[in-house]
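A structural walkthrough
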Amino acid sequence: DYWLEQLLAVKGDVEFVLVYPPGVARRAIADSRVKSLTSPYPGEFIQRFLALLNADGQYVLALDDDDYVHPDVATPIEAYFAKFPQSLGLRLMQARIPLQNREAVYQPWGSIPHINSLEVVSRREGRLQTTLQEVPIAPLQRSFDWRYLVWPFTKRTDDHGPHIENFNNKVWRNDRVQQILPDISRVMMIYGALTWIPRWGLDRLMGLFLQATYYQEGAIVAHWMPEPAQVRFLEGDPAQKPPRFHVVSDGLLVKRFPQYGYFWNLFFNKLSYVPRIYGKMLRQRGKKHPGA
């Protein structure tokens, strides 16, 4: 209830697209800005994909039901893209709040500084309240590390640097998002009629798919907002989260963009996690059904 109350407190000309799993009754919400949909399948990937297909705004911001967004966030978003119309996205400042510290969620929001008052810098250098930090495009051109073929547990170094991978909790130009959705849909057709695989997410796939589609080496694709936070993110115990085989979506990046060594490194690195993810799934199933 509090999450929904805070979401609807966002001011301005905005649209809220809520996607329910199949079999879950839609909640009656007396706000004309709300568009409620029911997904044909459960799961983060298909529900978020359906939401993006039906998003009509100039910009999109994907939130989970443990993410809280500043009520005045629309104002700096509009000002930012007016100043940087060629940017692909805007990275909001997040406050990561431990799940047991829920009181921090209820604190008043700080005032967001005006975009035009912020200095644009390549590195933050400790000035978290007065600068917009440039965010370069992901370094997709980096070479494939052949050591993964012998030892997939090789530690990655190609992903170091001030770039972003994930889509969630960031603002993106919807015209660019809409252009890639048909492409993602085609790439998902892996095994004939099988086009939807459970237990994987759209988050990193969307963020990197966008950057690969519009890739220009060294380009500045976004800026990072300063404090105070515009998004509050509840962070729980990773051991309690449901298992997700993200290697599937990473494989789709390799399938669509095989020319980028960055994606091959990502795929082989995450492939090494599959046994422990499967073990986690079995442990969680054992806790739900002891003695089975």
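An account of the accompanying structure is given in this report.

What counts and what doesn't
- Residues numbered from 1 in each chain as written.
- Predicted model: local features only at pLDDT ≥ 70, side-chain atom pairs only at ≥ 80, totals over all residues.
- Heavy atoms only, no water.
- Buried < 20%, exposed > 50% of the residue type's maximum accessible area, 1.4 Å probe, protein only.
- Helix = DSSP H or I, 4+ residues; strand = E, 2+ residues; numbered from the N terminus.
- Salt bridge = Lys/Arg side-chain N within 4 Å of Asp/Glu carboxyl O.
- Pairing = 2+ DSSP bridges.
- Axes fitted to C-alpha atoms, helices over the stretch in contact; angles between N-to-C directions.
- Parallel < 35°, antiparallel > 145°, perpendicular 65-115°, else oblique.
- Left-handed = near helix turned anticlockwise from the far one by under 90°.
- Contact = heavy atoms within 4.5 Å.
- Nonpolar A, V, L, I, M, F, W, Y, C, P; charged D, E, K, R; others polar.

1. A short note on helix α5 (residues 203-213)
The element α5 is extensively covered by neighbouring structure, given that 10 of its 11 residues are classed as buried. Those residues of α5 not exposed but buried are Asp-203, Arg-204, Leu-205, Met-206, Gly-207, Leu-208, Phe-209, Leu-210, Gln-211 and Ala-212.

2. Digging into the pattern of salt bridges
Any two side chains of opposite charge can pair, given that their charged atoms come close. Considering all chains together, one arrives at 15 salt bridges under this definition. Linking Lys-35 and Asp-56 is a salt bridge whose minimum nitrogen-to-oxygen distance equals 2.9 Å. Here Asp-56 lies in the loop between α2 (44-53) and β3 (59-61) and Lys-35 lies in strand β2 (residues 34-38), a separation of 21 residues in the sequence. The salt bridge involving Asp-64 is made with Arg-48; its shortest N-O contact spans 3.0 Å. With a gap of 16 residues between them, Asp-64 in the loop between β3 and β4 (67-69) and Arg-48 in helix α2 connect regions that are remote in the sequence. Using a relative accessible area of 11% as the deciding quantity, one classes Arg-48 as buried. In this structure, a network of salt bridges that share partners links the residues Glu-15, Lys-35 and Asp-56.

3. Focus: the pairing of strand β8 (residues 131-136)
Relative to β8, strand β7 (residues 119-121) runs parallel, the two sharing 3 bridges. When the bridges of β8 are listed, Val-121 appears paired with Gln-133. With 4 bridges joining them, β8 and strand β10 (residues 220-224) adopt antiparallel strand pairing. In the sheet register, Val-135 faces β10, and the bridge partner there is Ala-222.

4. With respect to the sheet that holds strand β11 (residues 231-235)
On the basis of which strands lie adjacent, the open sheet formed by 3 strands has the order β4-β11-β6 and mixed pairing. In this open sheet, the two strands that pair with only one neighbour each are β4 and β6 (94-98). With direction set aside, neighbouring strand axes in the sheet form an average angle of 20°. Alignment of β4 against β11, held across 3 bridges, turns out to be antiparallel. Each residue of the ladder has a partner; that of Tyr-68, found in β11, is Arg-232.

5. Brief notes about the environment of Gln-216
Tracing the backbone through its elements, the reader meets Gln-216 in the loop between α5 and β10. Residue Gln-216 is classed as exposed on the basis of its relative accessible area, which comes to 55%. Spatially, the C-alpha atom of Gln-216 lies 9.9 Å from that of Pro-136, the residues being 80 residues apart in sequence.

6. Observations concerning the packing of α5 against helix α6 (residues 247-256)
Following both chains from N to C, one finds α5 and α6 inclined at 20°, their axes separated by 9 Å at the closest point. When the axes of α5 and α6 are compared, the pair comes out roughly parallel. Taken as a pair, α5 and α6 cross one another with a handedness that is right-handed. Facing α5, whose interface residues are Arg-204, Leu-205, Leu-208 and Phe-209, α6 presents Ser-249, Asp-250, Leu-252, Leu-253 and Arg-256. Of the residues in the contact of α5 with α6, the class split is 5 nonpolar, 1 polar and 3 charged.

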